[in-house]
Each structure stands twice: as C-alpha cells, then as structure tokens.
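Report on the structure
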Amino acid sequence: MKKAIFPGSFDPITNGHFDIIKRGISLFDEVIVAIGVNAEKKYMFSLEQRKKFIEDAFKDSPKVRVITYEGLTIDLCKKEKAEFILRGLRNPADFEFEKAIAHTNRKLSKIETVFLLTAANTSYISSSIVRDVIRNGGDYSVLVPDSVKIE
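Residues numbered from 1 in each chain as written. Predicted model: local features only at pLDDT ≥ 70, side-chain atom pairs only at ≥ 80, totals over all residues. Heavy atoms only, no water.

The test is simple: UniProt positions are given in the numbering used here, feature names are shortened, and annotations may be inferred rather than shown by experiment.
Under an unreviewed UniProt entry, the protein chain has the name Phosphopantetheine adenylyltransferase and belongs to Flavobacterium azooxidireducens. In its Subcellular location (unreviewed entry) section, UniProt records this for the protein chain: "Cytoplasm". One UniProt comment on the protein chain, placed under Sequence similarities (unreviewed entry), says "Belongs to the bacterial CoaD family."

Take a look at the structure:
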C-alpha cells in the first residue's frame, strides 16, 4: 500500500491544496493530510476548524485521512508507515525551499518527497493571501473549497 503524508498548517486549506490532494489520490492508495502543530505560530483558525474544513472537503474520498501531529514529518511517516511526503510547488522559490527540506528528510530517513506542480489556475493562491483577504472583508470563497466557512 503506497501512502503519502501531505503536511502543512492549512490555515486555511486553499484550492491549491485541494488540487494537490485530489491529484495525489490518483498516485497513492492513501493520502494522509497531516496538520502540523506549532505552538509558536499564531493561527487564524483553530486546529479543530482546520481539520474540519479538510475533512468536510474530502468527506466523499475514502483515500484521504486527516490527522494532526507535532514534531518531524519523517517521524510521522515512520509511525504511519508512509514512504512518501507529498508537496505542491507554486513557483521557483517554493522549489528551492522544498528541495532543501526534501534533501534533509532523505538524509535523515529513506522517505522520498514527491512534488506536484500546482495547477496554473491555483498557483497564485497561498493561505497567507487567503487570510489577508478574509481580514480585509474580501470574497475569499473563490480561493478555498466550499467547506471553508467563516462564522
């Protein structure tokens, strides 16, 4: 069984994340969306909200599981018996950053990182842009899955 961990903070999940997960489903038997917990980071959405947004977006996808974790992603991969880390790339800056992490992960373990290029129509979207749109009262709904609801 080929499992991939798709790690991130998902604050909130975007249409770009959604696209990568959907495409990952066709490559892997299971995609584990792993929401990392970082006590030093200030999040717009609670851990429970972020998890619910993703679970609701993939409620009809049995190959997607959503979990939370602390610590190194490679330790989570070992715990979950996942051989791959799934990551999306939007631009050259993402590639340089992600390449360094992938090399480090491979040096520390046998975990391979699989990169998918984001779709052209979502490559400009980031969670930080979505948060800015939300903070300023803009229409964020075109940037995120329907499951992301601000109350």
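**Some details on unusual backbone geometry**
Outside of glycine, negative phi angles account for most residues, and trans bonds account for most peptide bonds. What counts is decided by this rule: Strands are runs of DSSP state E lasting at least 2 residues, helices are runs of H or I lasting at least 4, and numbering of each runs from the N terminus. The cut-offs for exposure are 20% and 50% of the maximum accessible area for each residue type, with area from a 1.4 Å probe on protein chains only; residues under the lower value are buried, those over the upper are exposed, and the others partly exposed.
In the segment running from aspartate 11 into proline 12, the intervening peptide bond is cis, with an omega of 0 degrees. Checked against the element boundaries, proline 12 lands in the loop between β1 (3-8) and α1 (15-25). Backbone geometry at phenylalanine 10 places phi at a positive 50 degrees, although glycine is not the residue there. Of note, phenylalanine 10 is situated in the loop between β1 and α1. Looking at phenylalanine 10, the relative accessible area reads 2%, which means it is buried. The phi dihedral of lysine 81 falls on the positive side, at around 55 degrees, and the residue is not glycine. Within the element layout of this structure, lysine 81 appears in the loop between α3 (73-80) and β4 (84-89).

**Quick look at helix α2 (residues 47-57)**
As a reminder of what qualifies: This arc describes the spread of directions from the helix axis toward the C-beta atoms. In what follows, a contact means two residues having at least one pair of non-hydrogen atoms within 4.5 Å.
Among all positions in α2, only Arg50, Phe53 and Ile54 are buried. Down the axis of α2, the buried set is contained in an arc of 90 degrees. They therefore lie on one face. Buried positions along α2 lie against β2 (30-36) and β3 (64-69).

**Overview of the pattern of salt bridges**
Side-chain pairs of opposite charge can arise whenever the charged atoms involved come near each other. As a reminder of what qualifies: By salt bridge we mean one thing: a side-chain nitrogen of Lys or Arg within 4 Å of a carboxyl oxygen of Asp or Glu.
Enumeration over the complete set of coordinates arrives at 12 salt bridges. The partner of arginine 131 in a salt bridge is aspartate 11, with the nearest N and O atoms 3.8 Å apart. Here arginine 131 is found in helix α5 (residues 127-135), whereas its partner aspartate 11 is found in the loop between β1 and α1, with 120 residues between them in sequence. Like arginine 131, the residue aspartate 11 is buried in the burial classification. Put simply, Lys3, Glu30, Arg65 and Glu80 are held in one network by salt bridges that share partners.

**What about the sheet that holds β4?**
The test is simple: Whether two strands pair comes down to DSSP finding at least two bridges between them. Here an angle of 0 to 180 degrees is reported between the N-to-C directions of two axes, which are lines fitted to C-alpha atoms, with helices fitted over the stretch in contact.
Here five strands make up an open sheet; going across it, the order is β3-β2-β1-β4-β5 and the pairing parallel. Looking at the sheet topology across the chains shown, the edges are occupied by β3 and β5 (112-117). Across the sheet, the mean angle separating the axes of adjacent strands is 30 degrees when strand polarity is ignored. Each of β1, β2, β3, β4 and β5 is contacted by α1, which is oriented at about 120 degrees to β5, the strand it contacts most. Relative to the sheet, helix α4 (residues 92-108) contacts β4 and β5, its axis offset from that of β4 by approximately 170 degrees.

**Points about the pairing of β1**
The cut-off we apply is this: A crossover counts as right-handed when, viewed with the strands pointing away from the observer, the path leading from the first strand over the helix to the second turns clockwise.
Most of β1 sits inside the fold, with five of its six residues counted as buried. Where β1 lies against β2, six bridges are found, and the strand directions are parallel. Residue pairing in the sheet places glycine 8 in a bridge with isoleucine 35 of β2. Read from β1 through α1 to β2, the crossover connection turns out right-handed. Relative to β4, β1 is paired through two bridges, and the arrangement is parallel. Along β4, the bridge assignment pairs alanine 4 with phenylalanine 84.

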